[in-house]
Amino acid sequence: MRRIWSATSVAILLGGLVTIAWLSWPDRAPAARPYEGTTIRAVVNAEFVKYSLTLVEQDLYDKLGVKIETEVIPADAFVAKTLLEFNSGGSPWDLVMFGPSNMPDYGRHFEPLEPWIEKLKLDFAMDDIVPVFAKVMLRYQGKLVSMPYDGDIHIMFWNKPAFERPDNRAKFKAKYKYDLQPPKTWKQWDDAAEFFHGWGWDGSQQKLFGAGASYKPSGSGFSYHWWRSRYFSYGGNYFDANMKPLVNGPAGVRALEEMVKTMPFYPPGVLLFEAEEPKTMLIKGEVPLLYSWTSTGKRVGNPGESLIVGKAGFGLVPGADIDGKIINRPAITPGRGMAVSKYSKKKEATLKVLEFISNPDQSLKIVMDAKTIMDPWRVSHLRSEKFKKLFPDADKYLAAIEQSFPYLVPDPVIPAADEYQRKLSFEITEALAKRKAPKDALDSAAKEWDKITERRGPDKQKAAWGEKLAEMKALGIEYKPDWAAKAK
Amino acid sequence: MAIALERSAVGARRAKRHRLWQRVGHGLTYLGLFAALVFFLGPFFWIVTTSLKGNEDFFAFPPVWIPAEPSLKHYAALFTRSSGARYFMNSLVLSTLSMISALVVSLPTAYSIARWRFGGGLLSIFLLVLRMLPAIALIIPIYIVYKLLGITNNYLALVVIYTVLYIPFSVWLLVGFLRDFPVEIEEAAMIDGCSRLRALVQVVVPIIAPGMAVVALFSFIATWNEFLFAIVLTGIETKTMMVLVTSYTSGGTDMFYGEASASVVLGVLPAFAVAFMLQRYLVKGLSLGGTKG
Amino acid sequence: MRIPALGLKRKQWEPLAFASPSMALIAFVIVFPLAYSFYLSFQNYDLSIGPEYEFVGGKNYAEAIFRDERFLGSVWNTAVIIAPALVLELLLGLGIALLLSRVLRGRPIITALLVVPSMVSPVMAAMAWRMMYGVKYGAINNLGRQLGILDVYFDWFSSPTVSIIAVVLVDVWHNTPFMMLVLLAGLQSIPTELYEAAKADGASAWQRFWSITLPLLKFTMAVGVMIRLIDLTKLFGLIYVLTFGGPGGATETVAFTTFLMGFKDFRMSYAAALSYVIVGGVLVLTLVFMWIQRVREARAAA
């Protein structure tokens with residue numbers, strides 16, 4: 001009798017447990033994780049880009065069930081390795097980060113997005129993309145192939161106390177006969193660099209430096225990015241309508257000579273500086289002036305490492321005084337875009353991922369984080385209240401970015417862009433290292449450029465360049481041979 | 001009698017001076033060797049301590065040479081965020097496979113040369129020619145062919161290359177060992193009925209084991225250290241420690257000082273191990289016909 | 001056992017069989033690629049343009065030798081690095097080997113410790129030294145400032161000359177132990193009776209060094225120098241990590257420039273031609289070196 005009781009109670013217990021379990025089992029929600037179990041492979045050119053993807057990976061997994069496996073190929077080898085893969089007819093990656101200046105070389109390997117937008121009803125919030133970035137980061141031969149990921153431009157940063165201390169101002173006025181202010185022209189920049197170099201302009205006994213820059217010719221540039229703003233403001237351009245290089249003309253030589261002359265006012269090691277070193281010096285209060293990528297601003301406002309939070313100014317890159325008008329030519333370079341490889345076997349999942357990481361909220365997360373080095377590229381980023389309150393004066397920082405948009409000078413976005421830029425940067429650093437005279441260095445660069453044009457096919461290059469020339473003209477950027485001598 | 005005493009006194013003084021000089025000489029010798037040790041091992045000391053600096057010690061001035069609170073957090077970061085574990089395993093796997101492969105291929109070849117003078121005197125010439133060849137001359141055609149065959153990012157394809165690179169040295173070393181080995185023992189084994197191959201494996205190998213150990217260690221560490229083929233022919237699955245280190249060269253080593261130094265420490269571990277294991281053979285191995293043409 | 005098909009007796013095919021795995025591998029990995037590379041060097045295979053190519057004769061070689069200032073510059077750089085590195089490695093290696101040969105207690109362990117730098121990869125050596133050369137946080141600058149030798153930060157890569165010195169220093173650190181080993185072996189092969197006899201004859205330590213040690217060590221030194229010379233022409237990994245050729249092109253070596261041509265500019269054919277120019281150069285260098293040796297030996301014998 002007892003046994004029957006025990007058996008029954010056990011049965012009821014078990015039955016109850018099963019029922020409860022069955023009732024409370026989570027629903028197999030079909031729409032919640034449509035791509036559950038998929039892993040897509042991404043390739044990026046730096047550790048911090050990989051880091052930026054980790055910021056969104058949790059939400060990505062929750063929403064889509066997709067994981068991203070990211071490979072980092074260092075910037076020096078990135079273009080070469082990825083293009084070699086693509087040119088051989090395939091690639092192991094689904095999601096590809098790339099530099100938009102190389103779109104002419106990469107574009108044909110990317111999957112056009114428009115048919116998929118139709119098919120999957122994707123929304124990339126295209127209207128929210130800042131026009132200057134939309135122009136360079138989206139299309140190849142008219143077809144939409146990529147989305148922006150990082151809106152790189154150059155703006156100027158300065159250490160406000162350095163410019164506001166009364167004794168600094170007095171000393172400067174005595175020596176240079178005009179008021180100390182954040183430089184508006186190149187002459188003022190060079191004067192400031194000379195003035196601030198070698199003593200404690202922050203009131204300390206330390207020997208500090210004049211200004212910051214990145215002069216290493218690696219990745220696809222650095223030193224040439226710094227030369228370019230001067231060069232274009234002196235009326236220069238890359239090529240003329242016949243693909244003859246103009247870089248070794250008077251404007252180029254003047255720009256480079258000024259850079260060589262002011263070398264002593266830059267920190268030791270500047271010839272091997274890439275992007276981050278001068279930014280670090282700025283935020284540690286060791287240089288008072290720097291024009292560099294907008295991501296500098298986030299590091300300036302990051303209390304974890306910056307000593308100048310709330311004490312920095314943001315503005316337009318200096319320009320040249322031409323007949324009383326100041327011509328600014330900040331660089332828009334290189335930026336980063338994300339695209340889907342044409343050879344991917346997981347295109348649908350990758351496209352959903354691309355949509356996700358590009359949407360206004362996720363991309364805002366990425367561009368607001370100081371450690372990602374990614375910069376705003378959506379209008380909503382620049383107007384975001386959250387961003388404006390991210391650090392003291394963040395609103396002024398965002399305003400400076402917007403202020404620069406009408407004057408931006410792009411890279412030479414034609415086939416072999418990477419090679420043209422590298423060879424020019426190399427020669428510029430050769431001159432800065434005093435291994436060659438500025439004119440000789442630029443002559444060598446022009447010769448190398450001719451070699452590249454010859455190898456790629458002069459007609460093809462001329463046609464591609466012709467388009468860019470027209471675009472620049474529409475923006476008011478033209479070759480002006482007389483400016484080099486006139487500029488003040 | 002007096003003169004004899006004088007002589008011995010003078011002799012004693014000379015002997016004392018001589019001993020003093022000897023002591024000074026000894027002292028200087030050890031001093032010199034100490035200076036050499038500081039110079040050659042100093043960098044390792046600094047890299048190890050740097051990799052253990054947990055907080056702001058790296059950025060401190062006056063410089064902190066030995067961190068007060070050593071921390072393993074950089075190694076942890078290396079293994080989690082930067083997939084350090086995978087690269088370490090790749091290096092390990094590649095080096096081990098190459099080591100085995102080099103032995104398996106070189107031993108019969110060395111045997112062939114030692115016993116039957118295979119190839120005549122070509123060996124030395126071939127060795128020299130191979131040594132003169134810069135890897136860059138090989139990498140270009142090999143890369144093109146491998147890309148065509150789709151075998152980049154492939155362990156075995158890499159092992160094949162590494163094996164060939166070590167054949168000359170390994171063969172030369174083993175030939176030296178084999179020449180010292182008396183043929184009679186082999187013959188005895190063969191008379192007892194085993195084939196030459198079995199004789200080689202069961203009789204010769206155990207006795208020239210030291211030579212094989214040297215070859216093994218050499219191939220292991222040469223593969224571990226190899227760079228050019230590694231950066232060109234590896235992909236995310238097969239990247240080695242050497243390739244990992246290159247991701248810290250841009251952005252300045254200041255930003256990733258912890259992971260950079262940790263990866264160096266891991267990258268030089270085999271060197272320390274091999275140096276100690278080869279202690280006895282370092283000089284002997286080289287004097288085995290190497291420096292005497 | 002005969003292999004009738006090949007008409008060989010066991011005695012004849014057995015050696016071949018034993019050596020065949022390595023022969024096959026060598027054919028696949030060395031002979032074939034070298035031939036293919038040679039063939040390519042006369043075409044204009046350029047992966048940045050496309051997979052098609054055509055025959056261009058000696059154009060690549062002509063460009064390399066007459067028109068490529070960057071390559072010629074790298075030849076000069078390589079020479080400028082090799083010369084001091086060789087001299088320092090020889091002198092330092094000889095000095096340490098001599099010291100070691102006088103020490104009996106603890107010699108194996110000291111040798112093993114001293115040898116470690118030569119056993120690490122040039123890439124690791126370069127990375128360690130790159131961090132040590134760091135302008136603000138590097139060991140060398142920190143030590144210098146702590147000892148009061150340095151006033152401000154010193155930039156080890158500020159000028160071409162200084163960066164060459166920096167590269168030479170790393171290479172000397174990396175390879176002196178190897179030279180030391182070679183010379184140590186040579187020293188140990190000199191019979192001690194010679195020293196005893198000389199001492200009995202009243203020769204001083206210095207005289208013993210000059211008339212016994214050096215002459216008998218000459219051959220070893222020559223071998224060591226030649227090996228290092230050849231290895232130095234291949235300098236690549238060290239440069240890649242330490243300076244990446246910088247500042248500007250001040251520390252680009254021939255192997256490095258060739259690598260850039262092939263794997264950054266994708267000009268495979270041109271890079272193949274460059275690599276053959278290098279091989280040719282090394283061959284000439286080696287032959288010249290050996291010829292000099294022979295002349296000196298003949299003169300010494302006479």
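Throughout what follows, the structure given in this document is the object of discussion.

**Observations regarding the overall build of chain A**
On a plain count of helices and strands, chain A comes out with 22 helices and 14 strands. Considering chain A as a whole, with its 488 residues, one finds that 62% of them fall into the buried category. Chain A carries 69 positive and 61 negative side-chain charges, and their two centres are separated by 1 Å.

**Considering the sheet that holds strand S10 (residues 289-293) of chain A**
Residues and elements named next belong to chain A. Strand order in this open sheet of three strands is S10-S7-S11, and the pairing throughout is antiparallel. Since the sheet does not close on itself, it has two edges, and those belong to S10 and strand S11 (312-315), each with one partner. When the angles between neighbouring strand axes are averaged without regard to direction, this sheet yields 30 degrees. Both strand S7 (residues 154-159) and S10 contribute to a ladder of five bridges, which runs antiparallel. Counterpart to Ile155 in the pairing with S10 is Ser292. Helix H9 (residues 186-196) contacts S7 and S10 of the sheet and is inclined by roughly 125 degrees relative to S10. On top of the sheet, helix H18 (residues 394-404) reaches S7 and S11; it is set at about 140 degrees to S7, its chief contact.

**A word on the sheet that holds strand S3 (residues 95-98) of chain A**
Residues and elements named next belong to chain A. Here five strands make up an open sheet; going across it, the order is S2-S1-S3-S14-S6 and the pairing mixed. Taken across any chain shown, the strands that pair with only one partner, and hence form the sheet edges, are strand S2 (66-72) and strand S6 (146-150). Direction aside, the axes of adjacent strands within the sheet are offset by 25 degrees on average. In this structure, strand S1 (residues 38-44) lies alongside S3, joined through two bridges in parallel fashion. For Val43, the partnering residue across the bridge sits in S3 and is Val96. The strands touched by helix H2 (residues 47-64) are S1, S2, S3, S6 and strand S14 (336-340); relative to S2, the strand with the most contacts, the crossing angle is about 170 degrees.

**Describing the interface of chain B and chain C**
Contacts between the two partners involve 90 residues from chain B, matched on the other side by 91 residues from chain C. Taken together, the two surfaces of chain B and chain C that pack against each other cover about 8,200 Å², and 83% of this comes from carbon and sulfur. On the chain B side of the contact with chain C, Phe40, Arg131 and Met132 of chain B bury the most area, a combined 9% of that side's loss. For the interface between chain B and chain C, the tally reads zero salt bridges.

**A closer look at the pattern of salt bridges**
A full pass over the atoms with the stated rule returns 53 salt bridges over all chains. Two residues, Glu114 of chain A and Arg139 of chain A, come together in a salt bridge whose shortest N-O distance is 3.5 Å. Within this pair, whereas Glu114 of chain A is found in helix H5 (residues 114-120), its partner Arg139 of chain A is found in strand S4 (residues 139-140), the two being separated by 25 residues in sequence. Judged by relative accessible area, which is 36%, Glu114 of chain A ranks as partly exposed. Exposure remark for Arg139 of chain A: the relative accessible area of 39% places this residue in the partly exposed category. When salt bridges with common partners are traced through the structure, they connect Asp418, Glu419, Arg422, Lys423, Glu448, Lys451 and Arg455 of chain A together with Asp46, Glu63, Asp265 and Arg267 of chain C into a single cluster.

Reading the values: the criteria
Residues numbered from 1 in each chain as written. Chains lettered and ligands numbered in written order. Predicted model: local features only at pLDDT ≥ 70, side-chain atom pairs only at ≥ 80, totals over all residues. Heavy atoms only, no water. Helix = DSSP H or I, 4+ residues; strand = E, 2+ residues; numbered from the N terminus. Buried < 20%, exposed > 50% of the residue type's maximum accessible area, 1.4 Å probe, protein only. Lys, Arg positive; Asp, Glu negative; His and termini not counted. Charge placed at Lys NZ, Arg CZ, Asp CG, Glu CD. Pairing = 2+ DSSP bridges. Axes fitted to C-alpha atoms, helices over the stretch in contact; angles between N-to-C directions. Contact = heavy atoms within 4.5 Å. Buried area = accessible area lost by both parts, 1.4 Å probe. Salt bridge = Lys/Arg side-chain N within 4 Å of Asp/Glu carboxyl O.

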